[in-house]
Amino acid sequence: EGRAWWLLRVAWWATLLGTLAGLLLHGPFTAGLPLSRALDATLVARTVGTRFGGTWAMRVLLLVFLVAFLRAWSEWEAAWTRTGAWVAVGVVAAALVVTPALSGHAAAGPYAAVGVVVGVLHYSAAAVWFGGLILLGTCLLPHADVGLLEAVPRFSSVAFTAMVFIVVTGMVQGWRQLGSLQALGATGYGRLLVAKVAAFLILVAVAGRSRVLVRRRLTAL
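A quick note: this is a predicted structure, and the numbers were derived from the prediction, not measured. (Residues numbered from 1 in each chain as written. Predicted model: local features only at pLDDT ≥ 70, side-chain atom pairs only at ≥ 80, totals over all residues. Heavy atoms only, no water.)

Some words on the overall build of the protein
- When helices and strands are tallied, the protein shows eight helices and zero strands.
- Taken from N to C terminus, the helices and strands of the protein fall in the order α-α-α-α-α-α-α-α.
- Here the protein holds 221 residues, and 29% of them are scored as buried.
- Within the protein, contacts between residues at least 6 apart in sequence are counted, and of these 62% link residues at least 24 apart. (Helix = DSSP H or I, 4+ residues; strand = E, 2+ residues; numbered from the N terminus. Buried < 20%, exposed > 50% of the residue type's maximum accessible area, 1.4 Å probe, protein only. Contact = heavy atoms within 4.5 Å.)

Focus on the environment of L16
- For L16, the location among the structural elements is in helix α1 (residues 2-31).
- Given a relative accessible area of 10%, L16 falls into the buried group.
- Those residues in contact with L16 that sit more than four places away from it in its chain are V60 and L63.

Let's talk about the environment of R9
- With respect to the helices and strands, the residue R9 is situated in helix α1.
- Once the C-alpha coordinates of R9 and V67 are considered, the two residues, 58 residues apart in sequence, prove to be 9.2 Å apart.

Some thoughts on a nonpolar patch on the surface
- On the surface, a cluster of nonpolar side chains totalling about 310 Å² of accessible area is made up of W13, L17 and L20.
- Along the chain, the position of W13 falls in helix α1. (Patch = residues over 30% accessible without salt bridge, like charges linked within 9 Å, V, L, I, M, F, W, Y side chains within 5 Å. Areas by Shrake-Rupley, 256 points an atom, 1.4 Å probe, with all protein chains shown as cover. Salt bridge = Lys/Arg side-chain N within 4 Å of Asp/Glu carboxyl O.)

Quick notes on the environment of L23
- Mapped onto the elements of the fold, L23 is located in helix α1.
- Spatially, the C-alpha atoms of L23 and V44 are 7.0 Å apart, while their sequence positions differ by 21 residues.
- Beyond its immediate chain neighbours, meaning those up to four positions away, L23 contacts T47, G53, W56, A57 and V60.

Some remarks on the packing of α1 against helix α5 (residues 112-140)
- At a minimum axis separation of 9 Å, α1 and α5 run at an interaxial angle of 140°. Our classification of the angle between α1 and α5 gives oblique. When you trace α1 past α5, the crossing you get is right-handed. Of the residues in α5, those touching α1 at R3, A4 and L7 are I134, L135, T138 and C139. (Axes fitted to C-alpha atoms, helices over the stretch in contact; angles between N-to-C directions. Parallel < 35°, antiparallel > 145°, perpendicular 65-115°, else oblique. Left-handed = near helix turned anticlockwise from the far one by under 90°.)

Read these as layout, nothing more, since geometry by itself doesn't imply function.
Okay, here's the thing in structure tokens:
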């Protein structure tokens, strides 16, 4: 549990610093100015006024709220208080998942509302897969007994489902951005998308084989 909380703190700081860096660097980057102008108040205000900047500023506030609710959940002893704090953590986490889709290319182009929904599903599936994999490898497996290892097959099923969601939502998002099959080979984005989908399909196949091997090994135990 202590290692899991440490990983959560690292993830929180990485998200906060990355968000602040994006807010500060967006202005000079889009204006073609040197990065030394990152702290220019005019550029920062201009960035916050955009869809990208407003969404990322909201992400900073959500991260602050998340710390407060997590602290309440971990320290308060009353059951109703812990339950309320846990619900608040879930709401804030759900809002955080929406911010990448609102600020990125998912909210641009045709059918923006569909793009945002697909983007949220895409990022959520990636978080379940990659975040769960990190927790499993760092917190569970190094000191796992037979009882704890029962979680491995369950995670394997969840991770495989998440990877399928990642591929499907990624293909839908790519099709929405490209608009035609001809664009797959005629544009740089299309060629990159084909390579990305192919690499991820290989990863899904490897994950499926790994799932079979894990189940067979644990059944033998």
